[in-house]
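# Summary of the model geometry
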Amino acid sequence: MKSKILYLFVFIALLSACVAGAAPPPASTKPVSAPKTAIVPGSPDTGNTFTLTSPDVVEGGRLPIEYTCDGGGATLPLAWSGAPAGTVGYAVIMHHVAAPDDVHWYWVLYNLPANVTSLPKNTSGIGTLGNNVNNGRAEYSPPCSKGPGDKSYTYTVYALSAQPQLAVPAAEVDRDTLLAAIQNITLASAELNVVYARQGMDDPQAQLSQPPDPAQSQQQGHRTPPPEAFAACSGKTENASCEFTDQNGFHTGVCEAEQDTVACAPNRNGQSDPPGNGNPPGDPPGGPREMNIEQAISDQAQGMTIAFDALAFLTGDLGADSFFPPGKVADFWGFQYLRDNDPTEMGHNTDFLTRASLNMLYVLTPAQRAELITLAESQVDDINRYGYNRFVLMQAFRRLLEGDLPVGSTGLNEEAVKSYSAELYRLDGEISFERAQVMGGLLNVLDADQRAYLDAMVGQGMLDWPEVEEPEELRGLDRDVKVAVMTYAGDMFSWYAGSVEADVYFCPERQGTYFGSFYLKDAPAMSNPNYTIASNLTGDMGRTFLETLTSDQTRLVTSLVDTQRPYLQEIVEMRREVSTGLRQFMTGESVERDAVLSLMEKYGELDGAIVYNFAVNFAQVNQTLTSEQKAQLMALRSDLLGEMNHPSGAYLYSQPIAMPDISNTDFLFAP
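This is a predicted model, so every value here is computed, not measured.

### Some thoughts on the overall build of the chain
The helix and strand inventory of the chain stands at 18 helices and 15 strands. The buried share of the chain, reckoned over its 671 residues, is 57%. In the chain, of all internal contacts separated by at least 6 residues, the share reaching a separation of at least 24 is 78%.

As structure tokens, then:
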């Protein structure tokens, strides 16, 4: 059987957009300056007086406009003191009682450590955010009341004897959920009460004609819908159909809750809006979030990714596990960052890689293009070897899941898994080093005209890039070589346009890639060029999966967020060191090959630790699943994949192949 290169053109649009919660710089743990105003005593059964204050508003005072949807929508600075002995952490809630049986919550924040006794204005990066009543997202939402007159809002800080134990993702933690979780661990609480009246609210219906200013209401990564989106839902209820036209074009959708009112959210299946004119699937109205590494490794993003991995693994097979996007190998060039942050929102359009690659090839001279062709021809075998070697780990994980252990073995050997993973990543390092050497050398000698052409593309979106023809010499190439050359060219442009931070960036699902989640998500797109992979697919199915499990089973999955966190954080640093080193080729500097390969081996050990823990916990969940649970999970898979539920063979990256012969995997198990 002739080996196939493991690459599939990224412009076959198999990968969905990366979505995660923003994580700006961490909040200060220093106290806010002393308030000028009165304070409210906390619980009287402590030796101290637990109090909550703000430097910007007194107890019973009027909330400044900058902390509402009429202003910048920032969080109010808070400070507390007098916590009782035994306090190990805090939680903060902001709510409004609209009626005895109707409580609105705007801010749910927990997992605050004991040394944090204040929150600065527009705090972020400290604690864990729960959701809010306005849009259901795990973020703060500023008050934006519907009717005229003063409305009362209450900030409450809770001193806790332990951090809350929650069995649901942060996005599902509302006020009631958190209050239930801390009911028996609350030592004391303190309140700060404020009032606010919306501007221009003499007319009770004025709310719908007075949406927040989008330029002022961006906070914590969320963009307020444009005024046209609010107007489109004026007088309508949630889930009513709507349409509007703004500066980005024509949109159809449904009315969704947004800051105590409703706004038109464009359809998320990508089918109704003209290409380039709407938001990519899952983005809030008004524009996409900027993607960064903090979002990718956030607990929220990882929690749903791990749950989706578990669903794929427990319902899949070895053939599905083997499906693996080729862009995840030797990925230190910032191309994923370029895609996920395209200003024209076309990063996951089928033409994105093609347009980027052809422009780079157009700029290069025939001699420079020949160097890329030579590189492609030299790397095919190593790329194939990497793909085939992945089957060893996948087979071992399947054996653990199915209880097919070597005689006398009790399970996987963590050190053996980490060692094998290190070998795989060393090979990835060799591929990356060779590629950086050639691509960096070419970029280093670009002349002024070539740089001027590329500079005109940098910062622009795909729709603004020139349309150019494919170079003549590419037309007669072997398919595998041609695909590799196109990949190199796209990587060269993103590398030229990007930075170390762009090179470090990866999607939440970049690590732990042996469990079939890429097949579960991407397979429907393979046979349907018009298929759009919704970016909320991972989160939605991950949540549904967790809802099917018992609390003990859920903990086995959700606990992996904490288990892998230190490994992920170290991986980010490994990627930063590798990316920094490889970029030296772009300036003509020498790069120490052994140093890069050593870092890559460490990278592999870290990923090995992650996948070992995934496999062990997923297998434990599988052992306790009831027949009814198994049927429910298989139904989830069937509803998504239909006839593609299970592949007939296997995949070498994205290329269908017959199931290969796999070497004995006993060495990966403990004696």
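### Structural notes on the sheet that holds strand E4 (residues 102-113)
Read from one edge to the other, the open sheet built from five strands follows the order E6-E4-E3-E7-E8, with strand pairing classed as antiparallel. The two strands at the open ends of the sheet, each matched to only one other strand, are strand E6 (128-129) and strand E8 (186-196). The sheet contacts of helix H1 (residues 175-182) involve strand E3 (89-99), E4, strand E7 (151-160) and E8, and relative to E4 the element is tilted by about 50°.

### A look at the pattern of salt bridges
Tallied over the full model, the rule gives 28 salt bridges. Where arginine 575 meets aspartate 331, a salt bridge forms, and the shortest distance between an N and an O atom there is 3.2 Å. On the criterion of sequence distance, the pair formed by arginine 575 in helix H16 (residues 551-582) and aspartate 331 in the loop between helix H6 (318-321) and helix H7 (335-340) is long-range, its members being 244 residues apart. Residue arginine 575 is classed as buried on the basis of its relative accessible area, which comes to 0%. Overlapping salt bridges bring together Glu470, Glu472, Arg475 and Lys482 as one network.

### Quick look at the sheet that holds strand E2 (residues 78-81)
Spatial strand order, E1-E2-E5: three strands in an open sheet with antiparallel pairing. Two strands close off the open sheet at either side, each with one partner strand: strand E1 (51-53) and strand E5 (118-119). As judged from the three bridges shared by E1 and E2, these two strands associate in the antiparallel manner. Bridged to leucine 52 within E2 is tryptophan 80.

### Notes on the environment of tyrosine 488
If you trace the backbone, tyrosine 488 turns up in helix H12 (residues 479-497). With 52 residues separating them along the chain, tyrosine 488 and alanine 436 place their C-alpha atoms 9.7 Å apart. Those residues in contact with tyrosine 488 that lie beyond four places of it in its chain are Leu372, Leu375, Ala376, Gln379, Arg435 and Met439.

### Comments concerning unusual backbone geometry
Positive phi outside glycine occurs at asparagine 122, with the angle close to 55°. Within the secondary structure, asparagine 122 is located in the loop between E5 and E6. Of the residues examined, asparagine 122 reaches a relative accessible area of 35% and is grouped as partly exposed. The phi torsion at glutamate 345 lies on the positive side, around 60°, for a residue other than glycine. In this structure, glutamate 345 sits in the loop between H7 and helix H8 (352-363).

### Quick notes on the pairing of E3
Counting buried residues along E3, eight of its 11 residues qualify, which places the element largely inside the surrounding structure. In the sheet, E3 pairs with E4 via nine bridges, with the strands oriented antiparallel. Paired with valine 92 across the bridge in E4 is leucine 109. Following E3, the chain reverses through two residues before pairing antiparallel with E4. As defined by bridge partners, E3 adjoins E7 across seven bridges and the pair is classed as antiparallel. The residue bridging valine 92 from the neighbouring strand is valine 157, located in E7.

### Considerations on the state of the cysteines
The tally for this structure, following the rule as stated, stands at one disulfide. Here cysteine 69 is linked by a disulfide to cysteine 144, with a sulfur-sulfur distance of 2.1 Å. Judged by the torsion about the S-S bond (75°), the cysteine 69/cysteine 144 disulfide is right-handed. Note that cysteine 69 is positioned in the loop between E1 and E2 and cysteine 144 in the loop between E6 and E7, a separation of 75 residues in sequence. A single burial state applies to cysteine 69 and to cysteine 144, both of which are buried.

### With respect to helix H11 (residues 448-457)
Taken together, the buried positions of H11 are occupied by Gln450, Leu454 and Met457. All buried residues of H11 project into a common sector of 45° when viewed along the axis, lining one side. Exposed residues on H11 whose side chains face more than 90 degrees from its buried face are Ala448, Asp449 and Ala456. Looking at the buried positions of H11, the neighbouring elements they touch are H8, helix H9 (366-402) and H12. Looking at where H11 begins, the residue whose side-chain oxygen comes 3.1 Å from the main-chain nitrogen of aspartate 449 is aspartate 447. Following H11 by one or two positions, glycine 459 has its phi on the positive side, about 85°.

### With respect to the packing of H16 against helix H17 (residues 593-624)
Two numbers describe how H16 lies on H17: the axes approach to 9 Å, and their chain directions differ by 170°. Classed by the angle they form, the pair H16 and H17 counts as roughly antiparallel.

### Some thoughts on the environment of asparagine 622
Inspection of the secondary structure puts asparagine 622 in helix H17. Those residues in contact with asparagine 622, other than ones at most four positions away along the chain, are Leu314, Leu401 and Lys630. A distance of 3.4 Å separates the side chain of asparagine 622 from the backbone oxygen of leucine 401, its partner in a polar contact.

### A closer look at the packing of H8 against H11
Relative orientation of the contacting elements H8 and H11 amounts to 160°, with a least axis distance of 10 Å. By the criterion of interaxial angle, the relationship of H8 to H11 is roughly antiparallel. Judged by the sense of rotation from one axis to the other, the crossing of H8 with H11 is right-handed. Of H11, the residues touching H8 (which contributes Asn359, Met360, Tyr362 and Val363) are Gln450, Tyr453, Leu454 and Met457. Considered class by class, the residues forming the contact of H8 with H11 number six nonpolar, two polar and no charged.

### Regarding the confidence of the model for the chain
With 80% of its residues at a pLDDT of at least 70, the chain reaches an overall mean of 82. Strand E12 (residues 411-412) holds the highest mean pLDDT among the elements of the chain, 98, whereas helix H2 (residues 206-209) holds the lowest, 34. Residue range residues 1-47 is modelled with pLDDT below 50. Its contacts to residues more than four positions away, or to other chains, number 149 contacts. Counting interchain partners and residues more than four positions distant, the pLDDT-below-50 stretch residues 268-289 has 68 contacts.

### Some thoughts on the packing of aromatic side chains
What characterises a pair of aromatic rings is the spacing of the ring centres plus the angle enclosed by the ring planes. This model, assessed by the stated rule, comprises 26 aromatic pairs. Taking the centre distance of 6.1 Å and the plane angle of 75° together, the rings of phenylalanine 323 and tyrosine 519 count as edge-to-face. Here tyrosine 519 lies in helix H14 (residues 517-526) and phenylalanine 323 lies in the loop between H6 and H7, a separation of 196 residues in the sequence. Taking the centre distance of 5.4 Å and the plane angle of 80° together, the rings of phenylalanine 515 and phenylalanine 618 count as edge-to-face. In this pair, phenylalanine 515 is assigned in the loop between helix H13 (500-504) and H14 and phenylalanine 618 in helix H17, connecting sequence segments 103 residues apart.

### Remarks on the nonpolar core
Grouped together as the largest cluster of nonpolar side chains are 125 residues, with contacts concentrated most on Phe397, Phe545 and Leu582. Not counting residues within four places of it along the chain, the set of residues in contact with leucine 582 comprises Phe332, Trp333, Ser432, Phe433, Ala436, Trp495 and Val596.

Conventions adopted
- By convention here, each chain's residues receive numbers from 1 onward along its written sequence.
- Reporting of local features is limited, given that this is a predicted model, to residues whose pLDDT is at least 70; pairs of side-chain atoms are given and counted only at 80 or more, and all residues count toward the totals for whole chains, interfaces and linings.
- Excluded from the side-chain calculations are hydrogens and water; all other atoms, namely the structure's heavy atoms, are used.
- A run of H or I in DSSP counts as a helix once it spans at least four residues, and a run of E counts as a strand once it spans at least two, with each numbered from the N terminus.
- Between buried and exposed lies partly exposed: a residue is buried under 20% and exposed over 50% of the maximum accessible area for its type, with that area taken using a 1.4 Å probe on protein chains only.
- Any two residues having at least one pair of non-hydrogen atoms within 4.5 Å are treated as being in contact.
- DSSP calls a pair of strands paired once it identifies at least 2 bridges connecting them.
- Every axis in this analysis is a line fitted to C-alpha atoms, fitted for helices over the stretch in contact. Angles between the N-to-C directions lie between 0 and 180 degrees.
- The term salt bridge refers to a side-chain nitrogen of Lys or Arg lying within 4 Å of a carboxyl oxygen of Asp or Glu.
- A pair of sulfur atoms, both from cysteines and within 2.5 Å, is called a disulfide here.
- The arc in question is the one spanned by the directions pointing from the helix axis to the C-beta atoms.
- Here a polar contact means two N or O atoms within 3.5 Å. Within protein one must be a hydrogen donor candidate and the other an acceptor candidate, and residues neighboring in sequence count only if both atoms are side-chain atoms.
- With respect to orientation, any angle under 35 degrees is reported as roughly parallel, any angle over 145 as roughly antiparallel, any angle of 65 to 115 as roughly perpendicular, and every other angle as oblique.
- Put simply, a crossing is left-handed when the front helix is turned counterclockwise from the back one by less than a right angle, and right-handed when it is turned clockwise.
- Following the grouping adopted for this structure description, the nonpolar residues are Ala, Val, Leu, Ile, Met, Phe, Trp, Tyr, Cys and Pro, the charged ones are Asp, Glu, Lys and Arg, and the polar ones are all others, Gly among them.
- Each residue carries a pLDDT value, the predictor's own confidence for that position, ranging from 0 to 100.
- Aromatic rings from Phe, Tyr and Trp, taking only the six-membered ring of Trp, are treated as a pair when their centres fall within 6.5 Å; an angle between ring planes under 30 degrees marks them as stacked, one over 60 as edge-to-face, and anything in between as tilted.
- Throughout, nonpolar core names a set of buried Ala, Val, Leu, Ile, Met, Phe, Trp, Tyr and Cys residues whose side chains join them through atoms within 4.5 Å.

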